[in-house]
Amino acid sequence: MKASLKPLSGFTKSIKTAINAMPKVELHVHLDTCLSFSYVKQAIPTLTFNEFKQGFIAPTRCEDLGDFLRCIEPQLNILQTKSAIVLAVDDLFEQFKMDNVIYAEIRFAPLLHTQQGLSSREVVDITLDAINSAVKKYEIEAGLILCTLRHFTASQSLETAKLVVEYQYRGVVALDLAADEARFSLGNHEMAFKYVREHGGNVIAHAGEALGYESVIETLDILKVSRIGHGVRSIENSNTIKKLKALNVLLEVCPSCNLVCNVFDSIENHPINELKKQGVKLNINTDARTVANVTLNKEYQLLHDIFGWGTADFTECNINALQASFIEEEKKALLIKKVLNQ
């Protein structure tokens with residue numbers, strides 16, 4: 001039987017109202033997958049909403065992760081100038097505000113934004129300045145994660161790692177490994193992750209999405225990460241579950257995006273509820289708001305409707321997220337109080 005969602009204090013009108021009012025934490029969201037229609041319309045004034053849906057939103061069911069990743073290209077093509085990146089950051093923070101997000105860690109691969117003459121260092125500078133402005137404007141705390149990609153060369157990966165270390169006290173909070181784990185190994189990225197770890201930086205990585213639980217084990221053993229992006233196929237192996245718990249590793253779970261990427265055939269068959277029952281720490285994220293056509297409020301509503309998650313479940317996920325986040329301890333404590341007090 002599904003548990004009822006207990007409304008938050010002061011919010012008794014409806015379940016939807018209670019969910020929308022909850023303070024939320026998002027740790028897994030890619031800047032270059034979240035451009036709203038209003039933003040893209042500024043870049044392409046002649047664009048219709050139907051054209052936006054066809055060109056920027058993935059089909060309800062992609063063939064696989066590789067098929068899904070091809071849907072990101074139109075947004076990347078836009079995000080090649082200073083003004084485009086600045087406006088994209090503001091656009092994303094506006095979406096955060098609508099979801100009542102109080103803390104976010106935004107990620108992207110700076111090397112993908114150099115097609116029109118910006119250097120990777122300039123891209124990071126521009127993005128950090130934009131995030132700092134948005135933090136003040138929207139009163140939402142945030143950090144920036146730099147991604148290297150599975151198909152990058154070892155030198156490209158190390159270049160990204162060096163940017164993480166260079167900016168680690170100026171707003172960049174971690175190195176991430178993203179993209180198609182099914183087609184590319186970890187080999188080109190071991191040196192980059194070792195470099196960041198040796199310089200006191202944080203490392204996380206995508207795993208256990210396009211590949212099974214073996215990908216999670218390999219990523220934990222070789223890259224020595226503190227969080228796993230997705231990691232949902234850990235459910236396939238009890239020893240993987242035990243390892244995640246023993247290492248206190250958080251899974252950044254993105255249910256709707258997993259469905260669009262054809263990792264699972266339905267939300268009913270998604271393992272998020274079972275992972276939580278087995279004691280794996282996790283939180284809820286959108287991953288790719290535009291490409292997957294999702295918001296954080298929608299994700300919460302979905303988990304309530306299908307698995308009966310209530311206020312206590314969502315609060316637990318947000319506390320887990322903050323404890324595993326890379327924000328400084330003083331701000332972390334304040335945000336935890338905000339989530340608990342609601």
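Residues numbered from 1 in each chain as written. Predicted model: local features only at pLDDT ≥ 70, side-chain atom pairs only at ≥ 80, totals over all residues. Heavy atoms only, no water.

Observations regarding the overall build of the chain
Tallying secondary structure elements over the chain gives 16 helices and 8 strands in all. Over its C-alpha atoms, taken along the principal directions, the chain stretches across nearly 55 × 50 × 45 Å. Each of the 342 residues in the chain was classed as buried or not, and the buried ones make up 57%. Expressed as a percentage of contacts within the chain between residues at least 6 apart in sequence, the contacts between residues at least 24 apart total 74%. In the structure as shown, the chain presents an accessible area of about 14400 Å², 51% of it carried by carbon and sulfur atoms. Taken together, the 36 basic and 41 acidic charged side chains of the chain have centroids lying 5 Å from each other. (Helix = DSSP H or I, 4+ residues; strand = E, 2+ residues; numbered from the N terminus. Buried < 20%, exposed > 50% of the residue type's maximum accessible area, 1.4 Å probe, protein only. Contact = heavy atoms within 4.5 Å. Areas by Shrake-Rupley, 256 points an atom, 1.4 Å probe, with all protein chains shown as cover. Lys, Arg positive; Asp, Glu negative; His and termini not counted. Charge placed at Lys NZ, Arg CZ, Asp CG, Glu CD.)

Comments concerning the side chain of Ser-234
Inspection of the secondary structure puts Ser-234 in the loop between β6 (227–230) and α11 (238–247). Overall, the relative accessible area of 0% leaves Ser-234 in the buried class.

Points about the nonpolar core
Counting residues in hydrophobic clusters, the biggest one holds 87 residues, and the most contacted among them are Phe-93, Phe-96 and Trp-309. The element best represented in this core is helix α7 (residues 120–138), accounting for 9 residues. Filtering out sequence-adjacent residues up to four positions away, Phe-93 remains in contact with Ile-106, Ile-131, Ala-134, Val-135, Tyr-138, Ile-140 and Ala-142. (Core = buried A, V, L, I, M, F, W, Y, C linked by side-chain atoms within 4.5 Å.)

Looking at the UniProt feature "domain: Adenosine deaminase" (unreviewed entry) in the chain
The residues that UniProt annotates with the feature "domain: Adenosine deaminase" (unreviewed entry) are residues 23–340. Helix makes up 49% of residues 23–340 and strand makes up 14%, while its end C-alpha atoms are separated by 9 Å. (UniProt positions renumbered as here; feature names shortened; annotations may be inferred.)

Observations regarding the packing of aromatic side chains
Counted according to the given criterion, the structure contains 8 aromatic pairs. Each ring, one from Phe-52 and one from Phe-56, has its centre 5.3 Å from the other, and the planes form 20 degrees; the classification is stacked. Of the two residues, Phe-52 and Phe-56 both sit in helix α3 (residues 49–56), 4 residues apart, roughly one turn of that helix. No difference in accessibility class separates Phe-52 from Phe-56, as the two residues are buried. Look at Tyr-300 and Phe-314: their rings are 4.5 Å apart centre to centre, the planes differ by 15 degrees, and that puts the pair in the stacked class. (Phe/Tyr/Trp six-rings, centres within 6.5 Å; stacked < 30°, edge-to-face > 60°.)

Some words on the sheet that holds strand β2 (residues 101–108)
Judged by pairing direction, the sheet is parallel, and its 4 strands sit side by side in the order β1-β2-β3-β4 without closing on themselves. The open sheet terminates on both sides in strands that have one partner only, identified here as β1 (24–30) and β4 (172–178). With strand direction ignored, the average angle separating the axes of adjacent strands in the sheet is 25 degrees. Pairing geometry for β2 and strand β3 (residues 141–149), over 6 bridges, is parallel. Paired with Phe-108 across the bridge in β3 is Leu-146. Contacting β2, β3 and β4, α7 crosses the sheet at an angle of about 155 degrees to β3. Contacting β2 and β3, helix α16 (residues 329–341) runs over the sheet at an angle of about 125 degrees to β2. (Pairing = 2+ DSSP bridges. Axes fitted to C-alpha atoms, helices over the stretch in contact; angles between N-to-C directions.)

Observations concerning the environment of Ile-272
Counting through the fold element by element, Ile-272 comes out in helix α13 (residues 272–277). Classification of Ile-272 by relative accessible area gives buried; the value is 0%. Aside from chain neighbours lying at most four places away, what touches Ile-272 is Val-253, Pro-255, Leu-282, Leu-303, Phe-307 and Trp-309.

Here we look at the side chain of Ser-120
Positionally, Ser-120 belongs in helix α7. Not counting chain neighbours up to four residues away, the residues in contact with Ser-120 comprise Pro-110, Leu-111, Thr-114, Glu-159 and Leu-163.

A word on the environment of His-30
Residue position: His-30 is located in strand β1. Using a relative accessible area of 11% as the deciding quantity, one classes His-30 as buried. Sequence-wise, His-30 and Cys-147 are 117 residues apart; in three dimensions their C-alpha atoms are separated by 9.5 Å. Among residues more than four places away in sequence, those in contact with His-30 are Arg-107, Cys-147, Ala-178, His-206 and Asp-287.

Re the packing of α7 against helix α8 (residues 154–166)
Direction vectors running N to C along α7 and α8 enclose 40 degrees, while the axes themselves pass 11 Å from each other. As summarised for this structure, α7 and α8 are arranged oblique, according to the angle between their axes. In this structure, the crossing between α7 and α8 has a hand that is right-handed. When α7 is examined against α8, the residues Ser-120, Arg-121 and Val-124 are found in contact with a partner set consisting of Glu-159, Leu-163 and Glu-166. Of the residues that constitute the contact of α7 with α8, the class distribution is 2 nonpolar, 1 polar and 3 charged. (Parallel < 35°, antiparallel > 145°, perpendicular 65-115°, else oblique. Left-handed = near helix turned anticlockwise from the far one by under 90°. Nonpolar A, V, L, I, M, F, W, Y, C, P; charged D, E, K, R; others polar.)

Here's the deal with unusual backbone geometry
Backbone geometry places Ala-179, a non-glycine residue, at a positive phi of 85 degrees. Positive phi is not limited to glycine here, since Asn-248 has a value of about 60 degrees. By secondary structure assignment, the location of Asn-248 is in the loop between α11 and β7 (250–253).

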